[in-house]
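# Topology and contacts: notes
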Amino acid sequence: MPIDINYLEVQAQNTQLRVAKLRPPESARVQTLSEIELAGRTLLRVAGVIRDIEEDRASIVKPIRTGLDRLYARYREIIAPWQDAEDKLRADIIERATERLHGALALAEKEAQRLRLAGKPELANDKLARVEGESHMPRMPGIVFKAKLGWRVVDREKIPAEYLVLDDKKIDKALAGGAVIAGLETFPTYTIAVSPPPVSAP
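Position labels on residues start from 1 in each chain and follow its written sequence. Where totals are concerned, whole chains, interfaces and linings use all residues; where local detail is concerned, this predicted model gives features only for residues with pLDDT of at least 70, and gives and counts side-chain atom pairs only at 80 or more. Based on all heavy atoms of the structure, the side-chain values leave hydrogens and waters out of the count.

The next subject is the overall build of the protein. Broken down by element type, the protein carries 4 helices and 2 strands. A burial count over the protein gives 16% of its 202 residues as buried. In short, Shrake-Rupley with a 1.4 Å probe defines the accessible areas, and a residue's cover is counted only from the protein chains shown. Summing over all exposed atoms, the protein offers an accessible surface of approximately 16,200 Å²; the carbon and sulfur share of this is 58%. Helix and strand definitions follow DSSP, with helices as H or I runs of at least four residues and strands as E runs of at least two, each counted in order from the N terminus. Think of it in three bands: residues with accessible area under 20% of the maximum for their type are buried, residues over 50% are exposed, and the middle band is partly exposed, with areas taken using a 1.4 Å probe on protein chains only.

Here the focus is the pattern of salt bridges. Side-chain pairing between opposite charges can occur once the charged atoms of the two side chains come close. Think of a salt bridge as a Lys or Arg side-chain nitrogen and an Asp or Glu carboxyl oxygen that are within 4 Å of each other. Counted by the stated rule, this structure contains 9 salt bridges. Lys88 is paired through a salt bridge with Asp84; the nearest N and O atoms lie 3.2 Å apart. Here Asp84 and Lys88 lie together in helix H2 (residues 33–117), a separation of 4 residues that amounts to about one turn. Residue classification places Lys88 among the exposed positions, given a relative accessible area of 56%. Arg152 is the salt-bridge partner of Glu185, the closest N and O atoms lying 2.5 Å from each other. In this pair, Glu185 sits in strand E2 (residues 184–194) while Arg152 sits in strand E1 (residues 143–153), placing the two residues 33 residues apart along the sequence.

Ranked by size, the top nonpolar core spans 8 residues in total: Trp151, Ile159, Tyr163, Ile171, Ala174, Leu175, Ile181 and Leu184. Ranked by the residues each element gives to this core, the list is headed by helix H4 (residues 168–176), at 3 residues. We call two residues in contact whenever any of their non-hydrogen atoms come within 4.5 Å of each other. What Leu184 contacts, discounting residues up to four positions off in sequence, is Trp151, Arg152, Val153, Val154, Ile159 and Ile171. For this analysis, a nonpolar core means a set of buried residues of the types Ala, Val, Leu, Ile, Met, Phe, Trp, Tyr and Cys, connected via side-chain atoms within 4.5 Å.

Every residue is assigned a pLDDT by the predictor, reflecting its confidence on a scale from 0 to 100. On average, residues of the protein carry a pLDDT of 77, and 79% of them reach 70 or more. By mean pLDDT, helix H1 (residues 5–20) is the weakest element of the protein at 70, and H4 is the strongest at 89.

Within the fold, Val153 resides in strand E1. Residue classification places Val153 among the partly exposed positions, given a relative accessible area of 35%. C-alpha separation for the pair Val153 and Ala182, spaced 29 residues apart in sequence, amounts to 9.4 Å.

Without a salt bridge and with relative accessible area above 30%, a residue can belong to a patch; like charges are then joined within 9 Å and nonpolar side chains (Val, Leu, Ile, Met, Phe, Trp, Tyr) within 5 Å. Together, Leu68, Leu71, Tyr72, Tyr75 and Ile78 make up a nonpolar patch on the protein surface, roughly 490 Å² of accessible area in all. Among the structural elements, Leu71 can be located in helix H2.

Quick look at H4 now. Buried within H4 we find Ile171, Ala174 and Leu175. Each buried residue of H4 lies within a common arc of 100 degrees when the element is viewed along its axis, so the set occupies one face. Of the residues in H4, the exposed ones pointing more than 90 degrees away from the buried face are Lys169, Lys173 and Ala176. Its side-chain oxygen 3.1 Å from the backbone nitrogen of Lys169, Asp167 forms the N-cap of H4. Backbone geometry just after H4 places Gly178 at a positive phi near 95 degrees. The arc in question is traced by the directions running from the helix axis to the C-beta atoms. Think of a polar contact as two N or O atoms within 3.5 Å of one another; within protein, one of them needs to be a possible hydrogen donor and the other a possible acceptor, and neighboring residues in sequence only count if both atoms come from side chains.

What follows is the structure in structure tokens.
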């Protein structure tokens, strides 16, 4: 059942009008015993107004929250298998993309080695740079492949102190900026961003 926002607004306005007739006291200073008793009765009235406001709020908000919790839980159940499929597809595509990139780099390294032996180191470096800069993935609307450097620890003792607590984001940012971090081995990999088009309702 849809939430009637207009009804909720009217309920809140009714509470506001009812409370507006009970102006809160301007001063709470008390000295004599009779003033203390009067202040005590006023305090009870003020506390009662606050309680009534909270009860009104709870009577409106609690069922809405309960309904929303059930709704969220239901949608989580619906979306879970689709999210699982998305995660598996992303992982599989990235694995395949990385394999293709590594294969291209291995072939380029062989060619670069041949050029070095032929006394052409500049051409060898150019060859590797071109392969690293090329996209080895298909062009697909809605999907963007981004090459990045992955990393793994090969010698913890050589890692600079600032990276000893292995912070993925910090290390990724440093590597993206061209940093070389001792104790880490880098390797090319991919991330994937997906922007699906809107799907028309059946």
